[in-house]
Amino acid sequence: QLQLVESGGGLVQPGGSRRLSCVASGFTLDYYAVAWFRRAPGKKREGFTCISSEGNTYYADSVEGRFTISRDNAKNTVYLQMDSLKPEDTAVYYCAADPFCSDLLPTRLKNDSWGQGTQVTVSS
């Protein structure tokens, strides 16, 4: 019942933008931190951004200044606004929730299952 569903991926040209959504079902996100992860073929998942229950945000150097994480608790949703996309951003994107960002970044400490994720392909 504690499920997160990612959506919004697709094909985008280099330099373009894309907005991903992470919607919670079966629970409310108000008191959870939410992080975004991504996995490229042949690589392990990496967490690159997180937003705390208080709204504090954290970014990896690879996305700092280009990506923005935000939340709308009324909609039980966390968003990832991706701007200035690069081919190296091509990956399957996942989200995960935990009480604290410190338990999500740089790696997810809990052994919960992952959702399907959403594919983002940056190519011209």
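The following refers to the structure shown. (Residues numbered from 1 in each chain as written. Predicted model: local features only at pLDDT ≥ 70, side-chain atom pairs only at ≥ 80, totals over all residues. Heavy atoms only, no water.)

1. Some words on the sheet that holds strand β1 (residues 3-7)
So, step 1. Reading across the sheet, the 4 strands line up as β1-β3-β8-β7 and stay open at both edges, with antiparallel pairing between neighbours. The strands lining the two open edges of the sheet, one partner per strand, are β1 and β7 (67-72). For this sheet, the mean angle separating the axes of adjacent strands, direction not counted, is 15 degrees. (Pairing = 2+ DSSP bridges. Helix = DSSP H or I, 4+ residues; strand = E, 2+ residues; numbered from the N terminus. Axes fitted to C-alpha atoms, helices over the stretch in contact; angles between N-to-C directions.)

2. Regarding the state of the cysteines
So, step 1. For the structure shown, the criterion picks out 2 disulfides.
So, step 2. Here Cys22 connects covalently by a disulfide to Cys95, the sulfurs 2.0 Å from one another. The disulfide joining Cys22 to Cys95 has a torsion of about 80 degrees about its S-S bond and is therefore right-handed. One end of the pair, Cys22, is in strand β3 (residues 18-25); the other, Cys95, is in strand β9 (residues 91-98), and 73 residues separate them in sequence. Like Cys95, Cys22 is buried.
So, step 3. The disulfide that involves Cys50 links it to Cys101, with 2.1 Å between the sulfurs. Between Cys50 and Cys101, the S-S torsion sits near -90 degrees, and that sign places the bridge as left-handed. Of this pair, Cys50 sits in strand β5 (residues 46-51) while Cys101 sits in the loop between β9 and β10 (118-122), and the two are 51 residues apart along the sequence.
So, step 4. Take Cys50: its relative accessible area is 0%, and that puts it in the buried class.
So, step 5. Judged by relative accessible area, which is 10%, Cys101 ranks as buried.
So, step 6. Should the bonded cysteines of the chain be numbered as they appear in the sequence, the pairing reads 1-3, 2-4. (Disulfide = S-S within 2.5 Å. Buried < 20%, exposed > 50% of the residue type's maximum accessible area, 1.4 Å probe, protein only.)

Scope: geometric values only; no functional claims are made or implied.
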